[in-house]
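What the coordinates show
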Amino acid sequence: MKHFHRTARAALAATGLAAAAVVLAGCSTVGAAAPAEDDGTFTVGFAVGGQPDADWQELQGDVAEGLAKQRGWDYVELSNDNSEATATKNADIFIQKGVDIVMMFNGQPAANPVIAKKYAEAGIPVVTFDIAQDGWYFVGIDNAAAGTEGGTALGELAKAQWDCDVDLVISAEGTSAGQINEWRTGNAREAVKTVCPDIPEAAYVSYEADGNLTTSLANAPGIFAAHPDAKNILVVGINDQAVVGALQAATQLGRDGSIMGWGQDGGLITGANVDPNLVGSVMYFLEGYPAFAFQIADQVAAGDAPEVKDSGDDPAVKVTPCPVTAADAAAIPGIDDRVAQLADAPEGTTEYDLFCKA
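Residues numbered from 1 in each chain as written. Predicted model: local features only at pLDDT ≥ 70, side-chain atom pairs only at ≥ 80, totals over all residues. Heavy atoms only, no water.

What about the overall build of the protein chain?
Rule in force here: Starting at the N terminus, helices and strands are each numbered in turn, a helix being any DSSP run of H or I of at least four residues and a strand any DSSP run of E of at least two. For every residue, the accessible area (1.4 Å probe, protein chains only) is compared with the maximum for its type, and the residue is labelled buried under 20%, exposed over 50%, or partly exposed between those bounds. Contacts: residue pairs with any heavy atoms within 4.5 Å of one another. In these tables, accessible area is a Shrake-Rupley quantity obtained with a 1.4 Å probe, and a residue counts as shielded only by the protein chains included in the view.
From N to C terminus, the protein chain includes twelve helices and 14 strands. Taking all 358 residues of the protein chain together, the buried fraction comes to 54%. Considering only intrachain contacts with a sequence separation of at least 6, the fraction spanning at least 24 residues in the protein chain is 73%. With an accessible surface of roughly 14,700 Å², the protein chain has 51% of that area assigned to carbon and sulfur atoms.

A closer look at empty space enclosed by the protein
The test is simple: Think of a 1 Å grid over just the protein atoms. A cavity is a set of points where a 1.4 Å probe fits yet cannot get out, a pocket is an open set with protein on both sides within 12 Å along at least five of seven lines, and lining residues have an atom within 4 Å of a point. Grid points are joined across faces, edges and corners, and a volume is the space filled by probe spheres set on the points.
The full count for this structure, using the stated rule, is three cavities of 30 Å³ or more. Size it by volume and the second largest cavity reaches roughly 70 Å³. Taken together, Y284, F285, G288, Y289, A291, F292, V319, T320, L342, T350, E351 and Y352 form the lining of the second largest cavity. The set of elements that each furnish at least two residues to the lining of the second largest cavity consists of α9 (289-301) and α12 (351-355).

Here we look at the state of the cysteines
This is how it is decided: Note on terminology: disulfide denotes any pair of cysteine sulfur atoms within 2.5 Å.
Using the criterion set out here, one finds two disulfides in the structure. One disulfide bridge connects C164 with C196, the sulfur atoms lying 2.0 Å from each other. A torsion of -60 degrees about the S-S bond marks the disulfide between C164 and C196 as left-handed. Taken together, the positions of C164 in the loop between α5 (143-162) and β8 (168-173) and C196 in the loop between α6 (179-195) and β9 (204-208) put the pair 32 residues apart, joining distant regions of the chain. The pair C164 / C196 is uniform in exposure class, with both members buried.

Topic: helix α3 (residues 84-97)
Let me state the cut-off plainly: In this analysis, the expected span of each helix is defined as 1.5 Å times one less than the number of residues it contains. As used in this structure description, the phrase polar contact means that two N or O atoms lie within 3.5 Å; if the pair is within protein, one of them must be able to donate a hydrogen and the other to accept it, and residues adjacent in sequence are counted only when both atoms belong to side chains.
With 14 residues, α3 extends 20 Å from end C-alpha to end C-alpha; this agrees with the ideal 20 Å at 1.5 Å per step. When we look at burial in α3, the residues that qualify are T86, A87, T88, N90, A91, I93, F94 and K97. Backbone nitrogen of A85 and a side-chain oxygen of the N-cap are separated by 3.3 Å at the start of α3; the cap is S83. Where α3 terminates, the next one or two residues include G98, which has phi positive at roughly 70 degrees.

Overview of the nonpolar core
Here is the rule we go by: Working definition of a nonpolar core: buried Ala, Val, Leu, Ile, Met, Phe, Trp, Tyr and Cys residues. They are joined through side-chain atoms within 4.5 Å.
The biggest cluster of nonpolar side chains holds 55 residues, and the ones touching the most others in it are M103, V127, F129 and L234. Dropping the residues within four chain positions of it, M103 is found in contact with V44, G45, F46, A47, V127, F129, A293, F294 and A297. Listed in part, the 36 residues of the second largest apolar core include F138, I238, L278 and I332.

Some details on the sheet that holds strand β14 (residues 322-325)
The cut-off we apply is this: Between any two strands, pairing holds if DSSP finds at least two bridges. As a rule, the C-alpha atoms of each element are fitted with a line to give its axis, helices using only the stretch in contact, and angles between N-to-C directions run from 0 to 180 degrees.
Strand order in the open sheet formed by six strands is β9-β8-β10-β11-β12-β14, with mixed pairing between adjacent strands. What marks the edges here is a single partner per strand, and that holds for β9 and β14. Adjacent strand axes in the sheet meet at a mean angle of 20 degrees when their direction is disregarded. The pairing of strand β12 (residues 278-283) with β14 spans four bridges and is antiparallel. Bridge pairing in β14 places G280 opposite T325. In the packing of α5 onto the sheet, the strands contacted are β10 (233-237), β11 (259-265), β12 and β14, and the crossing angle to β11 comes to about 165 degrees.

Structural notes on the pairing of strand β4 (residues 74-79)
Condition: With the strands aimed away from the viewer, a crossover counts as right-handed if its path from the first strand over the helix to the second runs clockwise.
Counting buried positions along β4 yields six of six residues, so the element is predominantly enclosed. What you see with β4 is no split at all: D74, V76 and L78 on one side and Y75, E77 and S79 on the other are buried throughout. Two elements, strand β3 (residues 43-48) and β4, share six bridges in a ladder whose sense is parallel. By the bridge assignment, V48 is partnered in β4 with S79. Handedness of the β3-helix α2 (residues 55-70)-β4 crossover: right-handed.

Observations regarding the pattern of salt bridges
In plain terms, the rule: Between Lys or Arg on one side and Asp or Glu on the other, a salt bridge is scored when a side-chain nitrogen of the former is within 4 Å of a carboxyl oxygen of the latter.
Scanning the entire structure with this criterion turns up eleven salt bridges. Across the pair D142 and K318 runs a salt bridge whose closest N-O atoms are separated by 3.8 Å. Placement of D142 in the loop between β7 (137-141) and α5 and of K318 in strand β13 (residues 317-319) is noted, with a sequence separation of 176 residues between them. What makes K318 partly exposed here is its relative accessible area of 43%. In this structure, E287 engages R338 in a salt bridge whose closest nitrogen and oxygen atoms are separated by 2.9 Å. Of this pair, E287 sits in the loop between β12 and α9 while R338 sits in helix α11 (residues 335-344); the two residues are 51 residues apart in sequence, bridging distant segments of the chain.

Structural notes on the side chain of E173
Inspection of the secondary structure puts E173 in strand β8. Relative accessible area serves as the criterion here: at 7%, E173 is assigned to the buried category. A polar side-chain atom of E173 sits 3.0 Å from a polar atom in the side chain of R189.

Encoded structure:
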């Protein structure tokens, strides 16, 4: 079934109709007109992020589909295709399908206020992953702690290897994420300052990475060009893709002789092709987020919806960060194996329980 989901999305995207079709609990239906009749079966609408180079987003859909199937619920999955317009259209489709709850990651959150208005008018509760929106249940990492822990770990490495003799500290920002970016990237930067207080303020520079590898790789070279004499270089950022974009740019420019990056989210720190200069990350086990979201869905389905908590300060469900070095991460199973082990684990088990040995 999941293979059909992915194949169908690819074919529809090629014809420009990706937002006009859905897959519902075992059959394909083409979107659009009046809301579907409600047969009484609880239905989950799940919008994967659709960002390139982010396998965890597709796997969130796998996990969510399995959890819905366990409960005998219907399941509708769409991809936001990393697009504001597509995410907005997907909201219309979920509403037309008469879903009872929506879970989503949207890496283009500028569209969220418009989407939120649609769902509020339809009376559909929404669970959002890691990017807050007023009125939606927030499920996500303790972003402030994650930023501090990652920056501290990177600072300690700089202290141990370079005696804090750092020429440049690059922040690969994702400003569209607002406060989330400040917690992750800003706290990491401040933590480096705490560990290595003598790094001059002028050594701290930022650029817009937009939370994805392509944008980060395109924008990072300007930073290196503006600082041609910098040798010992640290990189922090909103996520692994942002940080790795800077590291790859350094490699392409021949500036990777003495550079270390510490990511956020763990999306690129496991597997066979980890960038050698990505020395660590704070793992969130993003693919396992639906297990937390279904805690909320269970209560909604039982007619006992919990109080909406819609901010990272006071989330509906808080995910514990797991800082790991590249060596630590090498001992953690790859993302597909993690999903399989989570599926076989006792109810209530999280990937943090299974894989974080800190």
